[in-house]
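Spelled out, the chains give:
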Amino acid sequence: MPNAPTLTSFGPGKVILLGEHAVVYGEPALAGPLSLGVIAQGSPASRCKLEIPPSVRGRGRKLLTDAFARAASASGLPKIGVAVSSNLPISMGLGSSAALSVACARTLLRAAGKPEKPEDVIRVAGEMEREFHAQPSGLDHTCSALRKLILFRRSLQGIAPSVSRIQSPRPLRLLVALSGKRGPTWKTVTELKERVARWPAHYLGLIREIGRIAREGAREIERGDLDALGDAMNVNHGILTALGVSSPPIDELVHRLRGLGALGAKLTGAGGEGGAVIGLFLEPEPALVKLNQAGIHCFVSQVAGPQAL
Ligand code: MEV
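Residues numbered from 1 in each chain as written. Predicted model: local features only at pLDDT ≥ 70, side-chain atom pairs only at ≥ 80, totals over all residues.

### Describing the overall build of the protein chain
Counting its secondary structure elements, the protein chain contains nine helices and 10 strands. Here the C-alpha atoms of the protein chain give a radius of gyration of 19 Å, agreeing with the 19 Å that 2.2 N^0.38 yields for 309 residues. Over its C-alpha atoms, taken along the principal directions, the protein chain stretches across nearly 55 × 50 × 35 Å. Partitioning the contacts of the protein chain with sequence separation of at least 6, the portion at a separation of at least 24 is 72%. (Helix = DSSP H or I, 4+ residues; strand = E, 2+ residues; numbered from the N terminus. Rg over C-alpha atoms; globule rule 2.2 N^0.38 Å. Contact = placed C-beta atoms within 7 Å.)

Laid out in structure tokens, this is it:
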């Protein structure tokens, strides 16, 4: 079919400003979209399938196939082949699986002739995310689907998830820096769940405190108080370290960003042996240049507020 139309959709990555891990336990978390993400291109085919490059083999291939099959059947099995490409660092805590899920969900829904309602994109992308992460809170793909800064609370015990859009009167500019390699999100989440189950008295108070900081941080953003937001990020990182989800490479990068003038810096995403760190800066460019010179992979993203002209 040489002139067959293609359908192209985008799913952005995300950063969690406050509240990762605690969100799994029903606390609110604050997350915003990145400009980097995943593109899914659909073209007519004899059946609904994901085009996976031959270099992806074994468990990775099976996981992608199974995840896509769930989204395909949730969207009515349109007859398209979907090819994906990404400029988002993969498996670094920046929501790459959610970005993939949202890009595929959008393309599948459009191919099935269904209007792309946000709730449908969230439902279909959620099918894929559940295959990737067992029991995700839903924060990553909800933020990617809505493409806005949100305060999110998961659905728990039959209560619907709650999502509020947070408006920032000031540009929220983050420097995102990567360090080392990390394992899968489910591993860090599961290991923390085991510690919580064994010693709830040590952990549940910390988890509730993260939720309180996320709510407070959202109010500080709306007031335009970036110094207070930066402080909330620093305190949140300290609690994540106490929960055991940070590591020396992450902590070192957090301190480096603070030394370069960040108002606040913390890990973002699940953490573990490595991953992404964010620093809140009024002007991140000088720090970006310094980190680039030191060979650290980093980039700047504005996640909310008025865009610079
Ligand atoms: C992963 O980006 C964030 C976690 O809170 C897990 C989840 O929300 O499902 C660690």
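Having seen the structure, we can now continue with the description.
### Thoughts on the domain arrangement of the protein chain
Quoted interface sizes are often the accessible area lost when the parts come together. If you check the domain split of the protein chain, you get domain 1 (7–165) and domain 2 (172–304). Taking only C-alpha atoms, the centre of domain 1 and the centre of domain 2 are 22 Å apart. If you look at the interface, domain 1 gives 27 residues, while domain 2 gives 34 residues. Every element with two or more residues in the side of domain 1 that touches domain 2 is listed here: strand E1 (7–18) and strand E2 (29–44). Among the residues forming the side of domain 1 that touches domain 2, the class breakdown is 18 nonpolar, seven polar and two charged. (Domains from an automatic or database assignment. Nonpolar A, V, L, I, M, F, W, Y, C, P; charged D, E, K, R; others polar.)

### Focus: the nonpolar core
Core analysis: the biggest nonpolar cluster contains 60 residues, and Val15, Ala29, Ala31, Leu175 and Val277 have the highest contact counts within it. The residues that make up this core include at least three from each of domain 1 (7–165) and domain 2 (172–304). Excluding residues within four positions of it along the chain, Ala29 makes contact with Ile16, Leu18, Gly19, Glu20, Ala22, Val23, Leu139, Phe152 and Ala214. Within the second largest apolar cluster, 29 residues are counted, among which are Val38, Leu100, Val102 and Ala145. (Core = buried A, V, L, I, M, F, W, Y, C linked by C-beta atoms within 7 Å. Buried ≥ 20, exposed ≤ 12 C-beta atoms within 10 Å, placed from the backbone.)

### What about unusual backbone geometry?
Even without being glycine, Arg147 reaches a positive phi, approximately 55 degrees. Inspection of the secondary structure assignment puts Arg147 in the loop between helix H4 (139–146) and strand E5 (150–153). Judged by the 17 C-beta atoms lying within 10 Å of it, Arg147 falls in the partly exposed class. The phi dihedral of Gln157 is positive, around 50 degrees, even though this residue is not glycine. Along the chain, Gln157 turns up in the loop between E5 and strand E6 (162–165).

### Notes on the site of the ligand
Taken together, 14 residues are adjacent to the ligand, and Glu20, Pro136, Ser137, Gly269 and Ala270 come closest. Of the residues that constitute the shell around the ligand, the class distribution is six nonpolar, six polar and two charged. Inspection of the shell around the ligand shows a minimum of three residues originating in each of domain 1 (7–165) and domain 2 (172–304). (Near = placed C-beta within 6 Å.)

### Brief notes about the sheet that holds strand E7 (residues 172–179)
Reading across the sheet, the four strands line up as E8-E9-E7-E10 and stay open at both edges, with antiparallel pairing between neighbours. The sheet terminates laterally at strand E8 (264–268) and strand E10 (298–304), the two strands that pair on one side only. Taking the axes of each pair of neighbouring strands and ignoring which way they run, one obtains an average angle of 30 degrees across the sheet. Pairing between E8 and strand E9 (residues 275–281): five bridges, direction antiparallel. Across the sheet, the residue bridging to Thr268 is Ala276, located in E9. Packing of helix H7 (residues 226–243) onto the sheet brings it into contact with E8 and E9, and relative to E8 it is tilted by some 45 degrees. (Pairing = 2+ DSSP bridges. Axes fitted to C-alpha atoms, helices over the stretch in contact; angles between N-to-C directions.)

### A word on the packing of helix H6 (residues 200–223) against H7
Following both chains from N to C, one finds H6 and H7 inclined at 165 degrees, their axes separated by 10 Å at the closest point. By the angle between their axes, H6 is roughly antiparallel relative to H7. Seen from above, H6 lies across H7 with left-handed handedness. Two secondary-structure elements touch here, H6 through Tyr203, Leu206, Glu209, Ile210, Ile213, Glu216, Gly217, Glu220 and Ile221 and H7 through Ala228, Leu229, Ala232, Val235, Asn236, Ile239, Ala242 and Leu243. Residues of the contact of H6 with H7, tallied by class, amount to 12 nonpolar, two polar and three charged. (Parallel < 35°, antiparallel > 145°, perpendicular 65-115°, else oblique. Left-handed = near helix turned anticlockwise from the far one by under 90°.)

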